[in-house]
Number of protein chains: 2
Amino acid sequence: MMLELLPMMTMNNGKRAGVLSLLVVLLGAGAVACASSPVEPSAIAAEPCPILPSTGPTSLVAPSPLPAAVAPPALLSWREGDAKQRIQAFVRDVTDPSSANYLEPASRIAVFDNDGTLWSEQPIYFQFVFAIERVIKLLADHPPWANKPWVQKLKKDGAKAISHLDEKALLEIVALSEAGVSTEEFRQLAHTWLTEARHPRFGRPYTDLTFLPMRELVGFLRQNQFKIFIVSGGSVQFMRAFAERVYGIPPEQVIGSYMATHYEIVNGRSLLVSEPQLAFVDDGSGKPVAIDRIIGRRPVFVAGNSDGDREMLEYGTSGPGPSLGLIVHHDDEEREWAYDRTSHVGKLDKAWDEAALRNWLVVSVKDDFAEVYAPPSAL
Amino acid sequence: MMLELLPMMTMNNGKRAGVLSLLVVLLGAGAVACASSPVEPSAIAAEPCPILPSTGPTSLVAPSPLPAAVAPPALLSWREGDAKQRIQAFVRDVTDPSSANYLEPASRIAVFDNDGTLWSEQPIYFQFVFAIERVIKLLADHPPWANKPWVQKLKKDGAKAISHLDEKALLEIVALSEAGVSTEEFRQLAHTWLTEARHPRFGRPYTDLTFLPMRELVGFLRQNQFKIFIVSGGSVQFMRAFAERVYGIPPEQVIGSYMATHYEIVNGRSLLVSEPQLAFVDDGSGKPVAIDRIIGRRPVFVAGNSDGDREMLEYGTSGPGPSLGLIVHHDDEEREWAYDRTSHVGKLDKAWDEAALRNWLVVSVKDDFAEVYAPPSAL
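This report concerns the structure included in the present document. (Residues numbered from 1 in each chain as written. Chains lettered and ligands numbered in written order. Predicted model: local features only at pLDDT ≥ 70, side-chain atom pairs only at ≥ 80, totals over all residues. Heavy atoms only, no water.)

## Examining the packing of aromatic side chains
Moving on, step 1. Summed over all chains, the structure comprises 38 aromatic pairs over all chains.
Moving on, step 2. Between F130 of chain A and F186 of chain A, the ring centres sit 5.6 Å apart and the planes meet at 80°, which makes this aromatic pair edge-to-face. In this pair, F130 of chain A is assigned in helix α2 (residues 126-138) and F186 of chain A in helix α5 (residues 183-196), connecting sequence segments 56 residues apart.
Moving on, step 3. Classification of F130 of chain A by relative accessible area gives buried; the value is 3%.
Moving on, step 4. Judged by centre distance (6.4 Å) and plane angle (50°), the ring pair of W193 of chain B and F238 of chain B falls under tilted. Linking W193 of chain B in helix α5 (residues 183-196) with F238 of chain B in helix α7 (residues 236-240), this pair joins segments that are 45 residues apart in sequence.
Moving on, step 5. Residue classification places F238 of chain B among the buried positions, given a relative accessible area of 2%.
Moving on, step 6. Between the NZ or CZ atom of R201 of chain A and the centre of the ring of W337 of chain A, over which it lies, the distance is 4.8 Å. (Phe/Tyr/Trp six-rings, centres within 6.5 Å; stacked < 30°, edge-to-face > 60°. Helix = DSSP H or I, 4+ residues; strand = E, 2+ residues; numbered from the N terminus. Buried < 20%, exposed > 50% of the residue type's maximum accessible area, 1.4 Å probe, protein only. Lys NZ or Arg CZ within 6 Å of the ring centre and 35° of its normal.)

## Remarks on the side chain of S182 of chain A
Moving on, step 1. By the element assignment, S182 of chain A lies in the loop between α4 (167-178) and α5.
Moving on, step 2. Those residues in contact with S182 of chain A that lie beyond four places of it in its chain are L271, L272 and V273 of chain A. (Contact = heavy atoms within 4.5 Å.)

## Considerations on the sheet that holds strand β3 (residues 109-112) of chain B
Residue and element names in this part refer to chain B.
Moving on, step 1. Taken together, the 7 strands give an open sheet; going across it, the order is β6-β5-β4-β3-β7-β8-β9, and neighbouring strands pair in mixed fashion. Of all the strands in the sheet, just β6 (269-280) and β9 (361-364) have a single pairing partner and so form its edges. Pairwise comparison of adjacent strand axes, ignoring direction, gives a mean angle of 35° for this sheet.
Moving on, step 2. One ladder, built from 3 bridges, connects β3 with strand β7 (residues 301-304); its direction is parallel. Counterpart to V111 in the pairing with β7 is V302. (Pairing = 2+ DSSP bridges. Axes fitted to C-alpha atoms, helices over the stretch in contact; angles between N-to-C directions.)

## Observations concerning the pattern of salt bridges
Side-chain pairs of opposite charge can arise where the charged atoms are in close proximity.
Moving on, step 1. Counted under the stated rule, the structure contains 36 salt bridges over all chains.
Moving on, step 2. One salt bridge in this structure joins R297 of chain A and E252 of chain B, with 3.1 Å as the shortest N-O distance. On the criterion of chain membership, the pair formed by R297 of chain A in the loop between α9 (286-295) and β7 (301-304) and E252 of chain B in the loop between α8 (243-247) and β5 (254-266) is interchain, its members lying in two chains. No difference in accessibility class separates R297 of chain A from E252 of chain B, as the two residues are buried. (Salt bridge = Lys/Arg side-chain N within 4 Å of Asp/Glu carboxyl O.)

## Topic: the sheet that holds strand β6 (residues 269-280) of chain A
All names here are of chain A.
Moving on, step 1. Taken in spatial order, the 7 strands line up as β6-β5-β4-β3-β7-β8-β9 in an open sheet, and their pairing is mixed. Two strands in the sheet have a free side with no partner beyond their single neighbour: β6 and β9 (361-364). Taking each pair of neighbouring strands and ignoring which way they run, the sheet shows an average axis angle of 35°.
Moving on, step 2. Bridge count between strand β3 (residues 109-112) and strand β4 (residues 227-235): 4 bridges; the pairing is parallel.

## Some points on the packing of helix α1 (residues 82-95) of chain B against helix α6 (residues 212-223) of chain B
Residue and element names in this part refer to chain B.
Moving on, step 1. Where α1 contacts α6, the axes come no closer than 11 Å and their chain directions differ by 15°. Accordingly, the angle class assigned to the pair α1 and α6 is roughly parallel. Every pair of crossing elements has a handedness; the one defined by α1 and α6 is right-handed. Across from I87, Q88 and V91 in α1, the residues of α6 making contact are L217, F220 and L221.
Moving on, step 2. Considered class by class, the residues forming the contact of α1 with α6 number 5 nonpolar, 1 polar and no charged. (Parallel < 35°, antiparallel > 145°, perpendicular 65-115°, else oblique. Left-handed = near helix turned anticlockwise from the far one by under 90°. Nonpolar A, V, L, I, M, F, W, Y, C, P; charged D, E, K, R; others polar.)

## Focus on the pairing of β7 of chain A
Residue and element names in this part refer to chain A.
Moving on, step 1. The alternating pattern of β7 places F301 and A303 and V302 and G304 on opposite faces, both of which are buried.
Moving on, step 2. Strand direction decides the pairing type here: β7 and strand β8 (residues 324-329), joined by 4 bridges, are parallel. When the sheet's bridge partners are listed, A303 is paired in β8 with L326.
Moving on, step 3. Between β7 and its parallel partner β8, the chain crosses via helix α10 (residues 310-317), and the hand of that crossover is right-handed. (Right-handed = clockwise from strand over helix to strand, strands pointing away.)

Structure follows, in structure tokens:
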């Protein structure tokens, strides 16, 4: 096919925020500063997680799925209880060919939010830490940025300025952190940062702060022939820097916010280069929009943790067939964090109310997770 | 994750067409009118194609991939010759673990244009026929459309007006054909049309005018653990109405142009409803942009037929590893159509020149396809 394009643009400037809204993250003045507590000891003896591949040598190659014959007992890090039982019952129901709710494997689409659902998101979304550290490094080479109102704060406080920046500044910093390099190069930069950076509270790589029970859940669904997608507000290229290695989720099953990019040929090689502008925000109603566009099937399993996942949960659980919506409730300040209705990060308010009405499963980190993170030795 | 959105919009109004350009299809005044010739007899005795599922009862469920053990000889409808040999040699090379060019299955990404590559596109892109027929049906219920300059032509000539409409009108008609209904409903409308409509020259359903050798090629690659994506200028929802049934390509592996959509809850059920506006045109440099965003890996096998596939071909064949770019050259006016450098539909000019420079394989419909379409009896 060959369609001619004119460099002519129209925009929907109507009332709807649409897919091109500016991302504005509400981080109030009280955003939590990074604490430097030592590593929290695990409350419960660590068990190795045989379901997921280890995070050994970095590889962008998809791990082979485990053959069903050697599948280990699933959901080891979930405490026995209603939550675990309901997940198991749902999966049994839709995979049993004799069940009225049986779903063909092709229909077994599962979507997971990332920040706050598959890994932690406190004291601030991890990608923001990456972004501010990267922009600080870039300052010297970008004299025109000197006029931006947040530059003085960065020069004065370095990465600690993150707790004093307003939403507009953070938004701009996120965009600038990704712009000007090819998407391939950006993923490499993100990957390098993830291997080097340490979370201030736990002193561990950020990818260690993925929830072991949720990783087991991803593995359990995969073993039951679900196709797993991440559908999250993070940058799609940032998430691809670790999703395959950590979750076993390949790049083409990662959906996120994305930058405007343009096509370039550099030394004979084609590249996509990011512009300093978010083109799509994969959050709120943007999530079902993206799912419909990219996956093209209504998911039957949806996991989230915040109001940003509300529409995705509605979408997945309002189809004609069986479905399960799941919300991770962060209520464990000892092992992780406790926050919900008034949090500046991962606010869970409307979606929590709706959970009761729509029978979404609310999972308690405190009560339902026997382990929160995998022990360092197993990673 | 929960990000707050403001209903504020920015646009890149720079020189680049970007992802939000209006689609403008250049159909000159001389666009070919639909002829009503009888069905062309096949020049060569039909052979059944055992590789692909039959297009029997309509189903939106993915056919199970054939186990490798019972895989039939591939590429039956390709004549022996350089083209077939080169395809086979490439696949052998990248799937042989002892080869220096061996690729892990996860890296075996293949992308196919649809119009002119997997099915015919003459005398006009098939989706345009659907669009104009649908808009004619909708006219009575949309009095405000009466002011549009193309309405009188539609009222006078019906679907035959397609040959007298300029690009702006056709663009608007394509957008209006999809707008105002949910994406699920639109796919059903497209599906119904595809089962009922007949191509004017061949008197067969449009999905019969898929190229048997190319469908075999899709099956051959799939058997060799390639993951196949359609990356085409057609509407993603239109293509999903038949891609799984006809090509065995599931919705999440279909990438196309798409409408702006918004999220709605109707009677408790979430839907995505299209607006009368194309949000992304998956053509030209938009193809690598979409591949990078949605697939997130550089494809190693790229098939196209026109200048609209040029950047996608460059992208796939300029990576560091092995790759194969393929162009279908329409040079068989007896069995299909013959057109290239000056065609209003599927123009092949710059990409043809570049094929020689970049060693893309140019496949001749006349010489390399033993069969063009599957015989009606086998469909």
